[in-house]
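# Structure assessment
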Amino acid sequence: RTMSDTMSLSFGRDPRIQVIRKLKSEMSVKKVSGSTKRDTYYYDIQLRNNRSTPVTIDVFDQVPLSRNSEITITTETIGTGVKDDLTGEVKYKVTLQPGELVNLEIGYTVKYPKNASVSVKTFRTISAPSF
């Protein structure tokens with residue numbers, strides 16, 4: 001109705017915005033102490049803007065949740081992210097200038113009994129996938 005009115009639409013992923021999520025193996029540790037095990041995982045999320053204009057991006061990640069009372073998850077670091085304690089979702093709001101590279105970090109520790117079997121799913125690194 002109004003010529004000056006604008007609306008932002010997203011038409012899928014932008015290949016000029018690069019997102020890489022990698023496990024930082026030098027900081028991730030597995031320890032056995034008495035009757036418990038502790039596995040600590042740190043991930044590095046790299047964002048790069050290859051566009052000629054600034055962009056604002058919402059990045060979502062998640063700290064695992066446990067339904068078993070013997071398994072506890074402790075958040076080590078989420079940087080500038082905001083965590084929802086109910087879902088474990090961590091949200092980052094990042095504004096990238098043209099050509100800018102930003103690193104985000106998320107880390108957590110899983111503590112569980114030595115005789116329990118805990119599987120942590122690993123995901124392959126994807127950089128600007130196209131579907």
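Preceding this paragraph is the structure being described.
Residues numbered from 1 in each chain as written. Predicted model: local features only at pLDDT ≥ 70, side-chain atom pairs only at ≥ 80, totals over all residues. Heavy atoms only, no water.

### Some points on the nonpolar core
To keep it simple, the criterion reads: Remark: nonpolar core denotes a set of buried residues (Ala, Val, Leu, Ile, Met, Phe, Trp, Tyr, Cys) joined through side-chain atoms within 4.5 Å. Relative accessibility thresholds used throughout: buried, under 20% of the residue-type maximum; exposed, over 50%; partly exposed, between the two (1.4 Å probe, protein chains only). Numbering of helices and strands runs from the N terminus; a helix is a DSSP stretch of H or I covering at least four residues, while a strand is a stretch of E covering at least two. Pairs of residues are marked as contacts when any of their non-hydrogen atoms sit within 4.5 Å.
If you look at the biggest cluster of nonpolar residues, it comprises 21 residues, and the most contacted ones within it are L47, V59, Y92, V94, L96, L104 and I106. Counting only elements with at least two residues in this core, the list comes to β3 (36–49), β4 (55–62), β7 (89–96) and β8 (101–113). Top element by residues in this core is β8. It accounts for six residues. If we skip the residues at most four places from it in the chain, L104 touches Y43, D44, I45, L47, V59, T80, Y92 and V94.

### Considering the side chain of N49
The condition is simple: Polar contact is defined as a pair of N or O atoms within 3.5 Å, subject to the rule that within protein one atom must be able to donate a hydrogen and the other to accept it, and that residues adjacent in sequence are counted only when both atoms are side-chain atoms.
Relative to the elements of secondary structure, N49 occurs in strand β3. Within polar-contact distance, the side chain of N49 engages the backbone oxygen of Q97 at 3.3 Å. Excluding residues within four positions of it along the chain, N49 makes contact with R16, I17, P54, V55, L96, Q97, P98, G99 and E100.

### Here's the deal with the environment of N49
For N49, a relative accessible area of 0% corresponds to the buried category. For N49, the side chain forms a polar contact with the main-chain oxygen of T53, separated by 3.0 Å.

### Considering the sheet that holds β4
Short version of the rule: Following DSSP output, two strands are said to pair if at least two bridges run between them.
Across the sheet, three strands lie side by side as β4-β7-β6; this open sheet has antiparallel pairing. If you trace the sheet from one side to the other, it starts and ends with β4 and β6 (82–83), each paired once. Two elements, β4 and β7, share eight bridges in a ladder whose sense is antiparallel. In the sheet register, Q62 faces β7, and the bridge partner there is E89.

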